Structures are given as structure tokens and as C-alpha cells.
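Now for the letters of each chain:
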Amino acid sequence: MSGVIVLFMGMLVLAALSFAPLGYFIYKFSQKNAKPFGETEPHGDSPSVINDLTEKAISLAKGVIGKK
């Protein structure tokens with residue numbers, strides 16, 4: 001009978017550790033006007049060298065394909 005109790009306690013600890021990140025996210029999400037990570041920028045609004053290079057490569061490819 002003690003084996004069942006030990007198994008139950010072990011599973012309870014495992015469940016608590018498994019769901020702790022979800023509880024933390026819910027806790028953070030309920031703070032700061034439903035912004036869990038504070039003020040973040042939307043994707044694509046900040047300038048980037050990689051975005052500029054990609055746009056140049058796409059326009060070059062369109063130009064090459066358009067000439068054929």
C-alpha cells in the first residue's frame with residue numbers, strides 16, 4: 001500500500017513541475033494589460049540589414065525573370 005502512496009506523490013510532483021511553465025505564462029499574461037512580455041515591437045517594423053539584402057535580392061530576381 002505504501003508503494004501506491006509513493007507513486008501518487010511522485011506523479012503529483014511530476015505534474016506540478018510539468019505545468020509550472022503554463023502557470024507562469026498565465027500569471028505573466030494577466031499582468032501589464034495582457035502583455036506578458038512587456039512592450040515588444042511587431043515583426044517587420046525595425047530596420048534590418050538582412051531584410052534590406054533580401055529585398056534587393058528579390059527585386060534583382062524579379063528583374064532577371066521579367067527580362068526573359
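Our subject in this report is the structure included herewith. For clarity, every value in this text was computed on a predicted model and none was experimentally measured.

Rules and cut-offs
- Numbering of residues begins from 1 in every chain and follows the order in which that chain's sequence is written.
- Given that this is a predicted model, residues contribute local features only at a pLDDT of at least 70 and side-chain atom pairs are listed and counted only at 80 or more, while totals for whole chains, interfaces and linings are drawn from all residues.
- Side-chain metrics in this entry use all non-hydrogen atoms of the structure; hydrogen atoms and water are not considered.
- Numbering goes from the N terminus for both helices and strands, where a helix is a DSSP run of H or I of at least four residues and a strand is a run of E of at least two.
- Partly exposed describes any residue whose relative accessible area lies between the buried limit of under 20% and the exposed limit of over 50%, with all areas from a 1.4 Å probe on protein chains only and scaled to the type maximum.
- Take the number of residues in a helix, subtract one, and multiply by 1.5 Å to get its expected span.
- Two axes define the bend at a residue: one fitted to the seven residues ending there, one fitted to the seven starting there, and the bend is the angle between them.
- Patch criteria: residues need more than 30% relative accessible area and no salt bridge. Like-charged residues are merged within 9 Å; nonpolar side chains of Val, Leu, Ile, Met, Phe, Trp and Tyr are merged within 5 Å.
- We get accessible surface area from the Shrake-Rupley algorithm with a probe of 1.4 Å; when it comes to residues, only the shown protein chains can shield them.
- Take a side-chain nitrogen of Lys or Arg and a carboxyl oxygen of Asp or Glu: if they are within 4 Å of each other, that pair is a salt bridge.

What to know about the overall build of the protein
Link 1 in the chain: For the protein, the count of helices and strands is two helices and zero strands.
Link 2 in the chain: Taking all 68 residues of the protein together, 1% fall into the buried category.

A word on helix H1 (residues 2-29)
Because an α-helix completes one turn every 3.6 residues, residues spaced three or four positions apart along the sequence face the same direction.
Link 1 in the chain: Between its first and last C-alpha atoms H1 spans 40 Å; for 28 residues at 1.5 Å apiece the expected length is 40 Å, and the two agree.
Link 2 in the chain: The sharpest bend along H1 measures roughly 40° and falls at Phe-19, with the proline Pro-21 sitting one to four residues further on.
Link 3 in the chain: The element H1 is barely covered by neighbouring structure, given that only zero of its 28 residues are classed as buried.

Let's talk about helix H2 (residues 49-67)
Link 1 in the chain: Between its first and last C-alpha atoms H2 spans 27 Å; for 19 residues at 1.5 Å apiece the expected length is 27 Å, and the two agree.
Link 2 in the chain: Burial analysis of H2 places just zero of its 19 residues in the buried class, which makes it a mostly uncovered element.

Observations concerning a nonpolar patch on the surface
Link 1 in the chain: On the surface, Met-1, Val-4, Ile-5, Phe-8, Met-9 and Leu-12 cluster together to form a nonpolar patch covering roughly 700 Å² of accessible area.
Link 2 in the chain: Inspection of the secondary structure puts Ile-5 in helix H1.

Treat this as a map of the structure, not an account of what it does.
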